[in-house]
Amino acid sequence: MSGRKETVLDLAKFVDKGVQVKLTGGRQVTGTLKGYDQLLNLVLDEAVEFLRDPDDPLKTTDQTRRLGLIVCRGTAVMLVSPTDGTDEIANPFIQPDAS
């Protein structure tokens, strides 16, 4: 066993690559990860926020707004995933409406 403590989330492999970040409260941003710390504070460049549906705040729309260089506070980060190699699929658990 090595003396170095390993973290569950190794963000070093995502530095200077595109990531998608979901935050508490339903916000979702994508950008290029420029840095991070042990508290999971993230620095994203060329960040874009996906705006939420005014009727349902938990759903995002195709509308975006450019944010530029931002810091995501670690306590608000819920999910970090790479943008390359991921595709959105339909939810297989949603039952079709029986009309």
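Residues numbered from 1 in each chain as written. Predicted model: local features only at pLDDT ≥ 70, side-chain atom pairs only at ≥ 80, totals over all residues. Heavy atoms only, no water.

Operational definition: UniProt positions are given in the numbering used here, feature names are shortened, and annotations may be inferred rather than shown by experiment.
The name given to the protein chain in an unreviewed UniProt entry is Sm domain-containing protein, with Rubroshorea leprosula as the source organism. The annotation that UniProt attaches to the protein chain under Sequence similarities (unreviewed entry) is "Belongs to the snRNP Sm proteins family." What UniProt records for the protein chain under Subcellular location (unreviewed entry) is the sentence "Nucleus".

### Side note on the overall build of the protein chain
Formally: Where helices and strands are cited, they refer to DSSP runs of H or I of at least four residues and of E of at least two residues respectively, numbered from the N terminus. Working definition: with a 1.4 Å probe on protein chains only, accessible area under 20% of the residue-type maximum means buried, over 50% means exposed, and in between means partly exposed. Any two residues having at least one pair of non-hydrogen atoms within 4.5 Å are treated as being in contact.
Of regular secondary structure, the protein chain possesses 0 helices and 5 strands. Reading the protein chain from its N terminus to its C terminus gives the helix and strand order β-β-β-β-β. Considering the protein chain as a whole, with its 99 residues, one finds that 24% of them fall into the buried category. In the protein chain, 44% of the contacts between residues at least 6 apart in sequence involve partners at least 24 apart.

### Describing the nonpolar core
Put simply, the rule reads: Remark: nonpolar core denotes a set of buried residues (Ala, Val, Leu, Ile, Met, Phe, Trp, Tyr, Cys) joined through side-chain atoms within 4.5 Å.
In terms of nonpolar packing, the biggest core is built from 14 residues, with Val19, Val21, Leu33, Leu42, Leu44, Cys72 and Val77 touching the most fellow members. Among all residues touching Cys72, those that are not within four sequence positions of it are Leu23, Val29, Leu40, Asn41, Leu42, Leu44 and Val77.

### A look at the pairing of strand β2 (residues 28–36)
Within a regular strand, side chains alternate between the sheet's two faces. Quick reminder of the rule: For two strands to pair, DSSP has to find at least two bridges joining them.
Counting buried residues along β2, 7 of its 9 residues qualify, which places the element largely inside the surrounding structure. Here 5 bridges tie strand β1 (residues 18–23) to β2, and the two strands are oriented antiparallel to one another. Note on β2: the bridge partner recorded for Gln20 is Thr30. From the end of β1 to the start of β2, which pair antiparallel, there are 4 residues, and Gly25 there has a positive phi angle of about 90 degrees. As paired elements, β2 and strand β3 (residues 42–52) share 7 bridges and run antiparallel to each other. Bridging across to β3, Gly35 finds its partner in Val43. A loop of 5 residues connects β2 with β3, the two strands running antiparallel in sequence, and Leu40 in this loop sits at a positive phi of about 70 degrees.

### Things to note about the confidence of the model for the protein chain
To keep it simple, the criterion reads: Every residue gets a pLDDT, meaning the predictor's confidence in that residue, from 0 to 100.
With 90% of its residues at a pLDDT of at least 70, the protein chain reaches an overall mean of 85. Put simply, strand β4 (residues 60–72) is where the protein chain has its lowest mean pLDDT, 91, and β2 is where it has its highest, 95.

### Some words on the side chain of Thr30
Along the chain, Thr30 falls in strand β2. Thr30 sits in the buried class, given a relative accessible area of 17%. Setting aside its immediate chain neighbours within four residues, Thr30 contacts Val19, Gln20, Glu46, Ala47, Val48, Phe50 and Thr83.

### Brief notes about the sheet that holds strand β5 (residues 77–82)
Strand pairing within a sheet occurs via backbone hydrogen bonds; the two strands may be parallel or antiparallel. The test is simple: For every element, the axis is a line fit to its C-alpha atoms; helices are fit only across the contacting stretch, and the angle between N-to-C directions ranges from 0 to 180 degrees.
Spatially, the 5 strands line up as an open sheet ordered β4-β3-β2-β1-β5, and their pairing is antiparallel. Two strands bound the open sheet, and with one partner strand each, they are β4 and β5. Neighbouring strand axes in the sheet, compared pairwise and without regard to direction, differ in orientation by 30 degrees on average.

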